[in-house]
Amino acid sequence: MRRLRRVERPEPGSTGLVAGIRALGTPAELWSTIRDYLGIGRSRRRVPVADREALKLFLATRASHVAQTSLYGYLRTRAGMRYPELFDDDGFVLSINIAKWQIWLACLSDLAVFAGGLMARDLPAELTGVGATVRGVVAEILAETGKPEDSGPDFEDSARAVLERIEACDWSAITDDAAAFVESPPALVRWAPIVDELKEIDEPIVLNSVRFRWQEVRRDLRHTLDAAAVLRDASGRVSGAGPQPVPTDAA
């Protein structure tokens, strides 16, 4: 499963552009992030979502993609040419890692609700099975993620809130549009390590930028999701099993 890339503070003596590249990963990873943010290089093969494992992979990886490109893109746009210099600050590095995980949880929550809504629309007589499948998949993603050491003190409470939202969801009421994506746009505004005065100015644009990033993800899931196949694959494993608890020990 794709993991969120951890931001590291540059080694002593590394400054400027080199420090920024080292903080973001290899040059290839940096270019990949830039391409994602600019929206280029989109041609790729769609992978069918036809079993429980494929749904789990789709939710985790697309949540990671939207979380990271949204956060890094906003920081890069706001900081401009000074962006690499921000990684020389220990407080910034700590804040960006906490923000990254919080935004990922919000993205996972929104996408899981949307996916369950698609399944419920295709299988209106199977709402109980749809709910159990989505709950089980999300609980498994969170259990495998555990408590990342760079995720901050609020991660576990936020993870529980994701499961509580899934548990309380009325799957028949989820529409095939952007209505399910209510957590991830404000999460970027809340958690991005940018001063509040600037975030207040940026908020309308930032909210819309996150909503825009979800358009392609929703389109991909509509084209690749086989709800009946996912439910058939999952039915034997989720029968009688509720969501798994989120680990409380640090990884």
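Residues numbered from 1 in each chain as written. Predicted model: local features only at pLDDT ≥ 70, side-chain atom pairs only at ≥ 80, totals over all residues. Heavy atoms only, no water.

### Notes on the overall build of the protein
Regarding its fold elements, the protein presents nine helices and zero strands. Walking the protein from its N terminus toward its C terminus, one meets helices and strands in the order α-α-α-α-α-α-α-α-α. For the protein, the proportion of its 251 residues judged to be buried stands at 51%. For the protein, long-range pairs separated by at least 24 residues make up 84% of all intrachain contacts whose partners lie at least 6 apart in sequence. (Helix = DSSP H or I, 4+ residues; strand = E, 2+ residues; numbered from the N terminus. Buried < 20%, exposed > 50% of the residue type's maximum accessible area, 1.4 Å probe, protein only. Contact = heavy atoms within 4.5 Å.)

### Focus: the packing of helix α3 (residues 52-79) against helix α4 (residues 90-122)
It is the contact of α3 with α4, at a shortest axis distance of 8 Å, that shows an interaxial angle of 135°. On the basis of the axis angle, α3 is oblique to α4. α4 is crossed by α3, and the crossing has right-handed handedness. Contacts between α3 and α4 involve L55, F58, L59, A60, R62, A63, S64, V66, A67, L71, Y72 and L75 on the former and, on the latter, F92, I96, A99, K100, I103, W104, C107, L108, L111, A112, A115 and M119. Taken together, the residues that form the contact of α3 with α4 break down as 21 nonpolar, one polar and two charged. (Axes fitted to C-alpha atoms, helices over the stretch in contact; angles between N-to-C directions. Parallel < 35°, antiparallel > 145°, perpendicular 65-115°, else oblique. Left-handed = near helix turned anticlockwise from the far one by under 90°. Nonpolar A, V, L, I, M, F, W, Y, C, P; charged D, E, K, R; others polar.)

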